[in-house]
Amino acid sequence: MAAGPHNPNTFLTLVPGPQADKSRTTGAGEDWAALMALAQDGDRRAYRKLLESITPYVRSLAARCFREPTDIDDAVQDVLLTIHLVRHTYDPQRPFGPWLVAIANRRIIDRLRRETRRKAREVVLTANHETFADPAANHSAGTFDEARLAQAIDRLSPDQRRAITMLKLNEMSLKEAAAASGRSIVALKVATHRAVKNLRRLLKQESERR
Amino acid sequence: MTKTPELIDALVADAAPVRRLRPPLLRAGLWLLLAAFVLGLIAIAHGVRPDLAERLRQPLFVIGMCSALATGALAALASFRISLPDGSRLWLLLPLPTLALWVSTIGYGCLTDWVSVSSDGPAIGEAIRCFATLLMTSVPLSIAMLVMLRYAALLRAFEVSILGGLAVAAVTSFALSLFHDLDASITILVWNLGTAAIIAGLASLFGRSMFNWMAARLMQNPMRPAARR
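Sequence order as written defines the numbering, with residues in each chain counted from 1. Chains and ligands are labelled by the order in which they are written, letters from A for the one and numbers from 1 for the other. Note on the predicted model: pLDDT of at least 70 is required for a residue's local features to be given, and 80 or more for side-chain atom pairs to be given and counted; whole-chain, interface and lining totals, by contrast, use all residues.

Novice: Before we go on, may I ask you to explain the overall build of chain A in this structure?
Specialist: Segments assigned H or I by DSSP are reported as helices when at least four residues long, segments assigned E as strands when at least two residues long, and all are numbered from the N terminus. A count of helical and extended segments in chain A gives nine helices and zero strands. In chain A, the order of α-helices and β-strands from amino to carboxyl end is α-α-α-α-α-α-α-α-α. To assign burial, the other C-beta atoms lying within 10 Å of each residue's own C-beta are counted, with C-beta atoms placed from the backbone; 20 or more indicates buried, 12 or fewer indicates exposed, and intermediate counts indicate partly exposed. Here chain A holds 210 residues, and the buried ones make up 21% of them.

Spelled out as structure tokens, the structure:
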């Protein structure tokens, strides 16, 4: 080290060497092999443990090829799903690491290829592409004021407020909302209809007041 | 979008016990047994070519037949090996030596027998029977290969379809030489290499989509109901 042993500005960074890395993956690999063998026999607890413990590793493999977190997530899920579908091809006599890495690489490369093909024929629309001849049409985002809408929803009756929150804001289906609120589907429909009518009135009144 | 923990929940819920794959050598052996069975059925129904005993005394014919059969067997073994996720890509090279020998015997026969090509060629009836043998051998063997290797759709569809196609093509070509006396060398060349090229070509063109189609029918995807929602 050129800076000398007593230089206070010297920082030490711990970097895993190739040897340490190898021993760590083989150690984990043996563990994973046993878990996979149990999972093949239908042991769900072992399977969950395996999937949860390989996810960070698969994520690190995917993170080398993708930048967007959603892309990384998609790739990880793709790999996990493939592992699930081909789990019978694993032979417990053989190491688990190469099996996992081969599947992960294959899926990641497939995904990269698909991505490249898609990018070659699709164009991402920017705000400029959405400019219309009618000036009012370009300000849909501006006229929609979330805060005003939220205030108006607060002024609704509790029944109508709950209906509009579940069905319109949380995008629940009528059946799901009926199960969650304990009300009948017809009652929810009526409440939503009235809520929309009231909201329209409230927002109109407010804009006239301005 | 499904989150990863949710996906893990779905996969764990779907984790029924699975039967591990048998060793690739055994599976390739099973496929070859099926091939032997199909050839046996054709032999019973159609009978071998009339001049087989005489032809078997010719070294070139024997080498050609043996190398075709060996190519089929090795390509089948290689395709079962390479279909496994951790199978080495080098298995692609396994059938190459016998393939070279097989192609060279056909080519050599073509060169030496060039003068014997008759202008009228084989009778049309024989050509139709030839085509029937071709279909009866290649179709069941291809379907068996697709079913046995359906999981390869997710891994290495292209390599597996090339090797699988080569295996089917070589066995089919072996069957053609066993059952039909098409001796004009140019016809042999067209039948043998042409069939092999067409089968291998179809396999590499449509192999991936055929594997996907087969896999979609035979493999249960736990996320499909979720995706439909």
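Novice: Hey, could you run me through the overall build of chain B in this one?
Specialist: Within chain B, the secondary structure is distributed over nine helices and zero strands. Scanning chain B from its N terminus toward the C terminus, one meets helices and strands in the order α-α-α-α-α-α-α-α-α. What counts as a contact here is a pair of residues whose C-beta atoms, placed from the backbone, lie within 7 Å. A separation of at least 24 residues holds for 87% of the contacts in chain B among residues at least 6 apart in sequence.

Novice: Looking at this structure, I do not really get the interface of chain A and chain B. What am I missing?
Specialist: You'll often see interface size given as the accessible area lost when the parts meet. Listed as interface residues are 29 residues of chain A and, on the opposing side, 24 residues of chain B. Among the elements of the structure, helix H1 (18-40), helix H2 (44-63), helix H3 (69-85) and helix H4 (96-121) of chain A are those that each provide at least two residues to the side of chain A that touches chain B. Broken down by element, the side of chain A that touches chain B gets its largest block of residues, eight residues, from H3 of chain A. Among the residues making up the side of chain A that touches chain B, the classes are represented as twelve nonpolar, eight polar and nine charged. Residue polarity follows a fixed list, in which Ala, Val, Leu, Ile, Met, Phe, Trp, Tyr, Cys and Pro are nonpolar, Asp, Glu, Lys and Arg are charged, and the others, Gly among them, are polar.

Novice: Whenever I open this one, unusual backbone geometry confuses me. Can you help?
Specialist: In most cases, non-glycine residues show a negative phi, while peptide bonds are predominantly trans. All names here are of chain A. The phi angle at glutamate 171 is positive, at roughly 55°, despite the residue not being glycine. Structurally, the position occupied by glutamate 171 is in the loop between helix H7 (158-169) and helix H8 (174-181). On the basis of neighbour counts, which here come to 9 C-beta atoms within 10 Å, the residue glutamate 171 falls in the exposed class.

Novice: In this structure, what is going on with the packing of H2 of chain A against H4 of chain A? I would like to understand it.
Specialist: How two helices sit against one another is set out by the angle between their axes and by the gap between those axes. Residues and elements named next belong to chain A. Lines fitted to C-alpha atoms define the axes, with helix axes restricted to the stretch in contact, and inter-axis angles between N-to-C directions lie between 0 and 180 degrees. Where H2 meets H4, the closest approach of the two axes is 10 Å, and the angle between their N-to-C directions is 45°. Between H2 and H4, the angle falls in the class oblique. As for how H2 packs across H4, the hand of that crossing is right-handed. Where H2 approaches H4, its residues Ile54, Val58, Leu61 and Ala62 are matched on the opposing element by Leu100, Ala104 and Ile108. Grouping the constituent residues of the contact of H2 with H4 by class yields seven nonpolar, no polar and no charged. Convention used here: angles under 35 degrees read as roughly parallel, angles over 145 as roughly antiparallel, angles from 65 to 115 as roughly perpendicular, and any remaining angle as oblique. What makes a crossing left-handed is the near helix being turned counterclockwise from the far one by less than a right angle; a clockwise turn instead makes it right-handed.

Novice: Quick question: what am I supposed to make of H4 of chain A here?
Specialist: One less than the residue count of a helix, multiplied by 1.5 Å, gives the span that helix is expected to have. In this model, H4 of chain A (26 residues) spans 38 Å end to end at C-alpha, consistent with the 38 Å of a helix rising 1.5 Å per residue. What H4 of chain A keeps buried is the set Phe96, Trp99, Leu100, Ile103, Ala104, Arg107 and Ile108 of chain A.

Novice: What exactly am I supposed to notice about the confidence of the model for chain B here?
Specialist: Note that predicted coordinates carrying low pLDDT should not be read in detail. Per-residue confidence for chain B gives a mean pLDDT of 76, with 69% of residues at or over 70. For this predicted complex, the interface score ipTM comes out at 0.71, alongside a pTM of 0.64. Values of pLDDT, the confidence the predictor places in each residue, fall between 0 and 100.

Novice: Which parts of the structure should I look at to understand the confidence of the model for chain A?
Specialist: Residues and elements named next belong to chain A. With 76% of its residues at a pLDDT of at least 70, chain A reaches an overall mean of 79. Looking at the elements of chain A, mean pLDDT is at its lowest for helix H5 (residues 140-143), recorded as 54, and at its highest for H2, recorded as 90. Contacts for the low-pLDDT stretch residues 1-8, under 50 throughout, to residues beyond four places or in other chains number three contacts. Confidence drops under a pLDDT of 50 for residues 10-27, and excluding neighbours within four residues, the segment shows five contacts in the predicted structure.

Novice: Help me understand the environment of alanine 75 of chain B in this model?
Specialist: Residue and element names in this part refer to chain B. Structurally, alanine 75 can be placed in helix H4 (residues 59-82). Alanine 75 sits in the buried class, given 29 other C-beta atoms within 10 Å. The spacing of alanine 75 and valine 168 is 93 residues in sequence and 8.7 Å in space, taken between C-alpha atoms.

Novice: Would you explain H3 of chain A in this entry?
Specialist: Working note: α-helix, 3.6 residues per turn, so residues spaced by three or four point in the same direction. Here H3 of chain A contains 17 residues, and its C-alpha end-to-end distance of 24 Å stays within 8% of the 24 Å for a straight helix at 1.5 Å per residue. Turning to H3 of chain A, its buried residues are Ile72, Ala75, Val76, Gln77, Asp78, Val79, Leu80, Ile83, His84 and Leu85 of chain A. Summarising the contacts, the buried residues of H3 of chain A are in contact with H2 and H4 of chain A together with helix H1 (4-13) of chain B.

Novice: It is not clear to me how the packing of H2 of chain A against H3 of chain A should be interpreted in this structure. Could you clarify?
Specialist: Residues and elements named next belong to chain A. One way to put it is that H2 packs onto H3 with a least axis distance of 9 Å and a crossing angle of 130°. As the angle between them shows, H2 and H3 are arranged oblique. Here H2 and H3 pass one another in a crossing that is right-handed. Of the residues in H3, those touching H2 at Leu51, Thr55, Val58, Arg59, Ala62 and Ala63 are Ile72, Ala75, Val76, Val79 and Leu80. Broken down by class, the residue content of the contact of H2 with H3 amounts to nine nonpolar, one polar and one charged.

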